[in-house]
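# Coordinates in review
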Amino acid sequence: MGIGIALRGWLSRSPTNEQLMSKYARERQRQVLAQLYDNCGADLYHFLLSLSEPHMAEDISQQVWIKVMEKSHLFEPRGQFKSWLFTIGRRLLIDELRRSASHQTQSFDDSTHASAPQHSSDLVCFNRALDALPFEQKEAFCLQQEGFSLDEISHITHANKETIKSRLRYARNRLSQALQTQLQDGED
Amino acid sequence: MSEEEDKLQALYRQRKAGVETPDAIRNQLMSRATRDGRHPPRPWYSFGYQLQLVAACAMLVVLGVLIKTTLWQVNDEYAADKVISVETIDAPPGELSDTLNREYLQAKQALKDKQLVMAVHHKQAAMLAKRGEFWELKVCDRPAISLSPALLAKLAASDSLGLDLEAGRYVEVAFSKAGDIVGIRNSDVALKC
């Protein structure tokens, strides 16, 4: 993983998230943190929102970034920053969900996008199907869509690779099935 | 990647694009970063930390010296004790044992003798009388017994004299097996000869 990150750094002119994080840990510059947030803030918020509700997602996001500031010296430059960020986020979210003892998720059909343009029926169906997935399957699916490998998902969720594979398979099947059903209903 | 997975990925991206991240998160983060930036944590190599490190090391050294000095003094005291102990048990173990046994037996015999001397063999009723400077005990079947001041003092010291020195007072006299007076106490029983 370390070589991959180094290669990305050499090939791209802009610094990688890992380089930015190392720099922030050393120099504590505000603009470096801002750059990190711009690179990963939306991804983290969306992930947390998919697994909880807007208020909690915002609150946890806030806490995650504060942890990043406070624990910046603990970041391993050889690891992937986004993976570290999501690991912190997931842990805080699980803690919060356990405290509130409610795994309610936000429906993407109604309140979240009240002001958004009309969605395609596929997207509405996809959102409903994703919301209806069990927590572990939804989590695995979202992490995969965020670009994490099986190893990384396994590391973030503390589950073994085979379990992750199984969760992903179930999640994809359910989503595809929901879309298929919706398509057939449309044709009828 | 299959067509199905492509479709799911595309829908996920659409969903994500429709989500707006609240500005509040960024704003609060940046204001906190600004606060922290004004008072950045000092790195370990800063002068302040180095000074603290030197002070801590110096304190440790001073503490070490104090502990060592204290232990050294205590050791000296113990060393002196050891010298005394060596001089005391200078005799060979066999001889020492004989000496101790002999002393123990002597002390035991002395105690037995003393117990024998002080043991009350018999008691006799008497009456106190004064003759000149000295006190004496009048008994029925023998001449009066004179009590020397030394005997009275000895009996008083061993708490064996329980009487008011008063002429005509009846007393009970305790004798040892050897016939020595070992105690005189007041008595209510009158002397009847």
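First, a word on what this report is: a plain description of the structure on this page. (Residues numbered from 1 in each chain as written. Chains lettered and ligands numbered in written order. Predicted model: local features only at pLDDT ≥ 70, side-chain atom pairs only at ≥ 80, totals over all residues. Heavy atoms only, no water.)

## Details of the sheet that holds strand β4 (residues 161-162) of chain B
Working definition: the strands of a sheet are paired by backbone hydrogen bonds and lie parallel or antiparallel to each other. Residues and elements named next belong to chain B. Heads up, the rule is: Strands are treated as partners if at least two bridges between them are detected by DSSP. Under the scheme used here, helices are H or I runs from DSSP no shorter than 4 residues and strands are E runs no shorter than 2 residues, and both carry numbers assigned from the N terminus. Here, residues are in contact when the closest pair of their heavy atoms is within 4.5 Å. Note on geometry: axes are lines fitted to C-alpha atoms, helical ones only across the stretch in contact, with angles between N-to-C directions running from 0 to 180 degrees.
Read from one edge to the other, the open sheet built from 6 strands follows the order β3-β2-β1-β5-β6-β4, with strand pairing classed as mixed. A strand with exactly one partner marks an edge of an open sheet, and here the two such strands are β3 (145-147) and β4. In this fold helix α5 (residues 149-157) packs onto β2 (134-138), β3, β4 and β6 (181-186), with an angle of close to 75° to the strand it touches most, β6.

## Description of the packing of aromatic side chains
Put simply, the rule is: In this analysis, rings of Phe, Tyr and Trp, with Trp reduced to its six-membered ring, are considered paired at centre separations within 6.5 Å, and the interplanar angle assigns stacked below 30 degrees, edge-to-face beyond 60, and tilted for intermediate values. We call a charge positioned above a ring when the Lys NZ or Arg CZ atom is no farther than 6 Å from the ring centre and deviates by at most 35 degrees from the ring normal.
Under the criterion given, the structure shown has 9 aromatic pairs over all chains. Positioned above the aromatic ring of Phe148 of chain A is the side chain of Lys82 of chain A, whose terminal nitrogen or guanidinium carbon lies 5.6 Å from the ring centre.

## Observations concerning the interface of chain B and chain A
Here is the rule we go by: Summed over both partners, the accessible area lost on bringing two parts together, with a 1.4 Å probe, is the buried area. Here, a salt bridge means any side-chain nitrogen of Lys or Arg that lies within 4 Å of a carboxyl oxygen of Asp or Glu. Counting of polar contacts relies on pairs of N or O atoms within 3.5 Å, with two restrictions inside protein: one atom must be capable of donating a hydrogen and the other of accepting it, and residues adjacent in sequence are counted only when both atoms are side-chain atoms. When residues are sorted by character, Ala, Val, Leu, Ile, Met, Phe, Trp, Tyr, Cys and Pro go into the nonpolar class, Asp, Glu, Lys and Arg into the charged class, and all the rest, Gly among them, into the polar class.
Facing the 26 residues of chain B at the interface are 37 residues of chain A. With both chains or domains summed, chain B and chain A bury close to 3200 Å², and 63% of this area falls on carbon and sulfur atoms. If you sort the residues of chain B by the area they bury against chain A, Leu8, Tyr12 and Arg15 of chain B come out on top, with a joint share of 25%. Between chain B and chain A we count 7 salt bridges in total. Between the two partners, chain B and chain A, sit 15 residue pairs in polar contact (both at pLDDT 80 or more). When contributions to the side of chain B that touches chain A are tallied by element, the ones reaching two or more residues are α1 (3-17) and α2 (23-38) of chain B. Looking at the side of chain B that touches chain A residue by residue, the classes come out as 11 nonpolar, 6 polar and 9 charged.

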